[in-house]
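Structure at a glance
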Amino acid sequence: SSRLPVFSHDEVTKHRSLEDGVWVTFKGGVYDITEFVAMHPGGNKILLAAGGALEPFWALYAVHDQDHVLEILSQYKVGELSPEDLKKQEDAKSLDPYSSDPERHPVLRVKCKKPFNAEPPPEILGDSYITPHVLFFKRNHLSVPQVDPASYRLNVEGFPGGALSLSLEDLKTRFPKHTIIATMQCAGNRRSEMNKVKRVNGLNWGITAIGNAKWSGVRLRDVLLAAGFGPEVAKWARHVHFEGLDKDVTGTAYGTSIPINKAISEEGDVLLAYEMNGEDIPSDHGFPVRVVVPGVVGARSVKWLGRIVISAEESSSHWQQHDYKGFSPGTDWKKVDPKSAPAIQELPVQSAITVPADGAVIDRSNETLTVKGYAWSGGGREVVRVDVSLDGGKTWQVAQLRSGDEGQPTEPSPPPGRAWAWKLWELTAPLPPEAEELEIICKAVDNSYNVQPDTIPPIWNLRGLLSNAWHRVKVKVTE
Ligand code: HEM
Ligand code: MTE
Ligand code: MO
């Protein structure tokens, strides 16, 4: 049998660049991943492991703890690590950076433990207009930082007059408190449906990487004005960068940016929030201060906010420049050029069915069927209608929309262009006679008359983002 060569740790460390080749070790195997570097969904970070062990990095990014990742790695095996060096590596196993992450509710469906990513069951999400924080989806790229509220400082930088440093107390006392109800949706919500059409890379979110909360804090606009925003700064300022206090192995913080017009506009309602649903922001959602950019993809609502920088340029971070962009269905990992697409900001119109669940069985003795769900659109566009079909799209009925809990007073209509919150919807209709299986579909229309695409293939993209085709569930009807 053909035995692979044995390499020492010293030999492996010589291969740590694209010129000298990129080698890594994993569980005693040696891999030459030079060719894979450009195709890596996590970007250039992969080079951090060059010339050494993957384990400490994959402990931080446990998204790699999946069979398909190991399959990719196995294609690049070139040898074995010497047994002495393997033992040294095992002795040096690093501490778990996630040991201080908070407790989470057991009802959440966990997509990835480290970093923690989870979403609630659909039938529970659809039960409340305001999503309780324990049920609100959690999307963390890194471990949750422990922030001491007493020593917390928010640094606001990039202004000609110098930086502004604000304590939590400063934020709460020096600026007016502002509250909005806003829906937050991850760019990867409903990725699993795209994944079924053709494999995509990313957390396999169902339909509930979305939630609606009441956020209170100060307007970003007020803080920018206090830091020196005025006509002079407006001449060159184009973007506002946000940096979290969560840092990766290189000390790089989670970071991203939004356009200045959204940040500074009174109608933009961008918040530096210190409360979620009337309580201190929970640690998973950004304690003590997070950005809430309503109408915009969740990725821009930076949690554990440490730094704001006003700039002529977009953020240069991985999450602004490489991730969270949309591509053509024809673009694959070999062809993709991140510079060719703009960063996702406002999201397209979305809706999904939370009840009944796909595969549910309905008793024929029920004369009516109730279908429920959520609908939302980005950019402050209001959902004006949700159409529901019980027969795979042949006929349609209009669902009832609501902005509040069942039987409770509803929230007043938002001012034009500031519809940040979702609507819950419901349709009760006679159970179609005779049908043994129903294909239930929903689709929403916003006030720009934007509609959802009917199928996924024309919007499929390699990262599985912006998945907003008609939502379809199949149910069985039994005697
Ligand atoms: C994501 C493969 C090394 C950081 C991914 C994904 C794959 C992959 C397939 C997408 C997984 C999914 O979402 O389904 C690999 C292979 C590696 C490697 C084969 C080694 C040969 C590394 C290293 C780092 C890293 C060393 C960090 C230092 C990341 C990050 C993501 C990622 C940050 C994106 C996670 C997100 O969605 O935010 N990698 N990876 N990877 N990888 Fe790697
Ligand atoms: N902010 C920091 N600092 N770190 C993160 O990993 N994740 C972003 C955003 N803000 C993230 C962050 C992404 S991709 C989303 S979808 C939302 O937070 C999720 O917010 P939630 O966990 O409160 O639901
Ligand atoms: Mo996200």
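In this text the structure is predicted, and so the values were computed from the model without any measurement.

Another point: the overall build of the chain. When helices and strands are counted, the chain shows 11 helices and 28 strands. For the chain, the C-alpha radius of gyration of 24 Å lies close to 23 Å, the compact-globule estimate for 479 residues. In terms of overall dimensions, the chain has C-alpha extents of about 70 × 65 × 40 Å along its principal axes. Split into buried and exposed, the 479 residues of the chain put 54% on the buried side. The contacts of the chain with a sequence gap of at least 6 include a subset with a gap of at least 24, amounting to 72%.

Near ligand 2, the surroundings consist of 19 residues, among which Phe137, Asp246, His285, Arg290 and Lys303 are the closest. Phe137 has a polar backbone atom sitting 2.6 Å from an oxygen atom of ligand 2. Here a nitrogen atom of ligand 2 sits 2.7 Å away from a polar atom, N or O, in the side chain of Asp246. Here ligand 2 loses 100% of its free accessible area of 540 Å² to cover by the protein chains. Elements represented by at least two residues in the shell around ligand 2 include exactly strand 9 (138-139) and strand 14 (239-247). Class assignment for the residues of the shell around ligand 2 results in eight nonpolar, six polar and five charged.

In this section: the nonpolar core. One recurring pattern in soluble globular proteins: nonpolar side chains tend to sit buried together. Within the largest apolar cluster, 54 residues are counted, with the highest numbers of intra-cluster contacts made by Leu220, Phe242, Leu272, Leu305 and Ile308. No other element matches helix 8 (residues 220-227), which puts four residues into this core. Two domains each provide a minimum of three residues to this core, namely domain 2 (109-340) and domain 3 (350-478). Not counting residues up to four positions away in its chain, the partners in contact with Leu272 are Leu154, Gly217, Val218, Leu220, Val223, Val289, Arg290, Val291, Leu305 and Ile308. Core analysis: the next-biggest nonpolar cluster, separate from the first, contains 22 residues, Leu390, Leu427, Leu431 and Ala444 among them.

Attention shifts here to the sheet that holds strand 10 (residues 153-157). Across the sheet, which stays open at both edges, the five strands sit in the order 11-10-19-14-15 with mixed pairing between neighbours. Every interior strand has two partners, whereas the edge strands, strand 11 (164-167) and strand 15 (253-259), have only one. On average, each strand axis in the sheet is inclined to that of its neighbour by 20°, with strand direction left out of account. Note: strand 10 against strand 11, four bridges, orientation antiparallel. The residue of strand 11 that forms the bridge with Arg153 is Ser167. The sheet strands contacting helix 8 are strand 10, strand 11, strand 14, strand 15 and strand 19 (305-311), and the helix crosses strand 11 at an angle near 135°.

Criteria and thresholds
Residues numbered from 1 in each chain as written. Chains lettered and ligands numbered in written order. Predicted model: local features only at pLDDT ≥ 70, side-chain atom pairs only at ≥ 80, totals over all residues. Heavy atoms only, no water. Helix = DSSP H or I, 4+ residues; strand = E, 2+ residues; numbered from the N terminus. Rg over C-alpha atoms; globule rule 2.2 N^0.38 Å. Buried < 20%, exposed > 50% of the residue type's maximum accessible area, 1.4 Å probe, protein only. Contact = heavy atoms within 4.5 Å. Near = heavy atom within 4 Å. Polar contact = N/O pair within 3.5 Å; in protein donor to acceptor, adjacent residues only side chain to side chain. Areas by Shrake-Rupley, 256 points an atom, 1.4 Å probe, with all protein chains shown as cover. Nonpolar A, V, L, I, M, F, W, Y, C, P; charged D, E, K, R; others polar. Core = buried A, V, L, I, M, F, W, Y, C linked by side-chain atoms within 4.5 Å. Domains from an automatic or database assignment. Pairing = 2+ DSSP bridges. Axes fitted to C-alpha atoms, helices over the stretch in contact; angles between N-to-C directions.

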